[in-house]
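Structural description and commentary
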Amino acid sequence: TKELIKSCMLLIFQFFLFWLPPRKNRVMVYVHARRGVTCNPKYIVQKLHGMYGSRLEIIWTTCYPETCGELQEAGFQVAAFSRKNIWKYLRTKVYITNDAFPSWALHRPGQVWINTWHGGMNYKHIGYGYLPPMNVCERVLFRLGNRKPDVFLSGSRFFTEDTARSFRFPANVFVPTGLPRNDLFFHDRTEAAAQVRMRLGIAKGDNVVLYAPTFRKELTSRSDGMDFGRLTSALLERFGGSWTVLFRDHCFIGEGDRRLLNAADVSDYPDMQELLLVSDVLVSDYSSCMWDFCLTGKPCFVLANDLEQYGQTDRGFACPLEKWPFPTAYDMEQLGQNIRSFDAGEYSQKVAAHLREMGSYDKGDAAWQVAEMIGAFCNIDRKDKSDITITKG
């Protein structure tokens, strides 16, 4: 109730300042509860800085500004929620998020709202397709946070159709750019991968397997459902070599007591795409990171050991498992069998068919498309500059 009252008061306050024009060159990014510099906003900001330099004022807003040191070192503004932050929002031309918008923000005249979202494929239900139990105030706040943007980036035809239904948006707000964060998989990133491996302490020559489950409504860690020793044994038998095992919990889980055997916990590493970049094999359950990993062509396996419960009492599925190209197991024994019998040629054909059926839009130029769009909204001509990559370390 307090949050709703506060949001309504701020909305009314902003309404009476309708006459205050936005600054045409100000771009504000809102990542809210996500730690670090990550997801689609990271790659959009990189491209904007590379293409327009200081002619755009870019402000990164987050609940965790202390985790964004690399942005501050690069000269960007990083801010937490504050009165000063609201005043800057009032003069913002382009407002970007990768999830919900803040409930207190009024979509002001002359502003452009862009939702980049955080997945290019809806394997699970989202939006009004799935809502946990809510009281009236929570439902109003959900509606305020999920108002229609001017532009909604889409990674696939399926995403556009399902998200339009799930949030009750018209299809014409969706733009088929692909996801800026997935550009990483379309270019030679040998040097970037080497830097990530070094930061993670991965031994030279080691193969990497990443286990990255999605969250459950009770927001508890899923590390207990995986036997990392058995996983490694199966990988050794099928692919050979030596293996480093990484575990990444969903960002909603937060910090916890993950007592992992035979695996390194990388849940605090901010950029999931960099983890996918260095991984040779991905194991997940129902996460949209599998869609991103499709674009690499590398093997992905599903461990769906709570499929019935998840489908009936949790998020449920927008895209049925029968349409997924990934070998699916319902326990560790079956996962091992799927890995040992993995057929690379058959898998490649299934992935290609899946990308075609779902209508993938990713081509490796999404960040450029979005930066061009923002430049046009801000009425700033492009001036070629070398791209600046924001990396940690």
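A quick note: this is a predicted structure, and the numbers were derived from the prediction, not measured. (Residues numbered from 1 in each chain as written. Predicted model: local features only at pLDDT ≥ 70, side-chain atom pairs only at ≥ 80, totals over all residues. Heavy atoms only, no water.)

1. Brief notes about the sheet that holds strand β2 (residues 57–62)
Taken together, the seven strands give an open sheet; going across it, the order is β3-β2-β1-β4-β5-β6-β7, and neighbouring strands pair in parallel fashion. Among the strands making up the open sheet, the edge pair consists of β3 (77–79) and β7 (174–175). The pairing of strand β1 (residues 26–32) with β2 spans six bridges and is classified as parallel. Along β2, the bridge assignment pairs His 32 with Thr 62. Seen against the sheet, helix α4 (residues 83–90) touches β1, β2, β3, β4 (94–97) and β5 (112–115) and runs at an angle of roughly 130° to β1. (Pairing = 2+ DSSP bridges. Helix = DSSP H or I, 4+ residues; strand = E, 2+ residues; numbered from the N terminus. Contact = heavy atoms within 4.5 Å. Axes fitted to C-alpha atoms, helices over the stretch in contact; angles between N-to-C directions.)

2. Regarding the packing of aromatic side chains
Here the structure, examined in full by the defined rule, presents 29 aromatic pairs. For the pair Phe 13 and Trp 87, a centre-to-centre distance of 5.8 Å together with 90° between the ring planes defines the contact as edge-to-face. Within this pair, whereas Phe 13 is found in helix α1 (residues 2–15), its partner Trp 87 is found in helix α4, the two being separated by 74 residues in sequence. A residue is classified by how much of its surface remains accessible, and Trp 87, at 48% relative accessible area, is partly exposed. With a centroid separation of 6.2 Å and 55° between ring planes, the pair formed by Tyr 95 and Trp 113 is classed as tilted. (Phe/Tyr/Trp six-rings, centres within 6.5 Å; stacked < 30°, edge-to-face > 60°. Buried < 20%, exposed > 50% of the residue type's maximum accessible area, 1.4 Å probe, protein only.)

3. Describing the sheet that holds strand β13 (residues 328–329)
Taken in spatial order, the six strands make up an open sheet running β10-β9-β8-β11-β12-β13, and their pairing is parallel. With one partner strand each, in any of the chains shown, β10 (264–265) and β13 form the two edges of the open sheet. The pairing of strand β9 (residues 243–247) with β10 spans two bridges and is parallel. Considered in β10, the bridge of Phe 247 is made with Asp 265. Against the sheet, helix α12 (residues 332–340) touches β11 (281–284), β12 (300–303) and β13, its axis set at about 165° to β12.

4. Here we look at the side chain of Thr 244
Structurally, the position occupied by Thr 244 is in strand β9. The buried category is assigned to Thr 244, whose relative accessible area is 16%. A polar atom in the side chain of Thr 244 sits 2.7 Å from the side chain of Asp 206. With near-sequence residues (within four places) excluded, Thr 244 lies in contact with Ile 202, Asp 206, Asn 207, Val 208 and Val 209. (Polar contact = N/O pair within 3.5 Å; in protein donor to acceptor, adjacent residues only side chain to side chain.)

5. Some thoughts on the nonpolar core
Burial of nonpolar side chains together is a common tendency in soluble globular proteins. If you look at the biggest cluster of nonpolar residues, it comprises 62 residues, and the most contacted ones within it are Leu 231, Val 283, Trp 324 and Leu 335. Excluding residues that lie within four positions of it along the chain, Val 283 makes contacts with Val 209, Leu 210, Tyr 211, Ala 212, Met 226, Leu 231, Phe 301, Leu 303 and Leu 335. (Core = buried A, V, L, I, M, F, W, Y, C linked by side-chain atoms within 4.5 Å.)

6. Comments concerning the pattern of salt bridges
A pair can form between side chains of opposite charge whenever their charged atoms are brought close. Applying the stated criterion across every chain, the model contains nine salt bridges. The salt bridge partner of Arg 340 is Glu 237, with a shortest N-O separation of 2.8 Å. Taken together, the residues Arg 340 in helix α12 and Glu 237 in helix α8 (residues 228–239) connect sequence positions 103 residues apart. Across the pair Lys 323 and Glu 357 runs a salt bridge whose closest N-O atoms are separated by 2.9 Å. With Lys 323 in the loop between α11 (307–313) and β13 and Glu 357 in helix α13 (residues 344–358), the pair connects residues that are 34 residues apart, well separated along the chain. Judged by relative accessible area, Lys 323 falls into the partly exposed class, the value being 37%. Judged by its relative accessible area of 39%, Glu 357 is partly exposed. If you follow the salt bridges from partner to partner, you end up with Lys 42, Arg 199, Asp 271 and Glu 274 in one network. (Salt bridge = Lys/Arg side-chain N within 4 Å of Asp/Glu carboxyl O.)

7. Focus: the packing of α8 against α12
Relative placement of two packed helices is described by the angle separating their axes and the distance separating the axes. Relative orientation of the contacting elements α8 and α12 amounts to 15°, with a least axis distance of 8 Å. Considering the angle they form, α8 stands roughly parallel to α12. As α8 runs across α12, the sense of the crossing is right-handed. Two secondary-structure elements touch here, α8 through Arg 230, Leu 231, Ala 234, Leu 235, Glu 237, Arg 238 and Phe 239 and α12 through Met 332, Glu 333, Leu 335, Gly 336, Ile 339 and Arg 340. Split by residue class, the contact of α8 with α12 holds seven nonpolar, one polar and five charged. (Parallel < 35°, antiparallel > 145°, perpendicular 65-115°, else oblique. Left-handed = near helix turned anticlockwise from the far one by under 90°. Nonpolar A, V, L, I, M, F, W, Y, C, P; charged D, E, K, R; others polar.)

8. Here's the deal with the pairing of β5
Residues Val 112 and Ile 114 of β5 are buried on one face, and the alternating residues Trp 113 and Asn 115, pointing to the opposite face, are buried as well. As paired elements, β4 and β5 share four bridges and run parallel to each other. For Val 94, the partnering residue across the bridge sits in β5 and is Val 112. Where β5 and strand β6 (residues 151–153) come together, two bridges link them in parallel fashion.

Keep in mind these values describe shape, not function.
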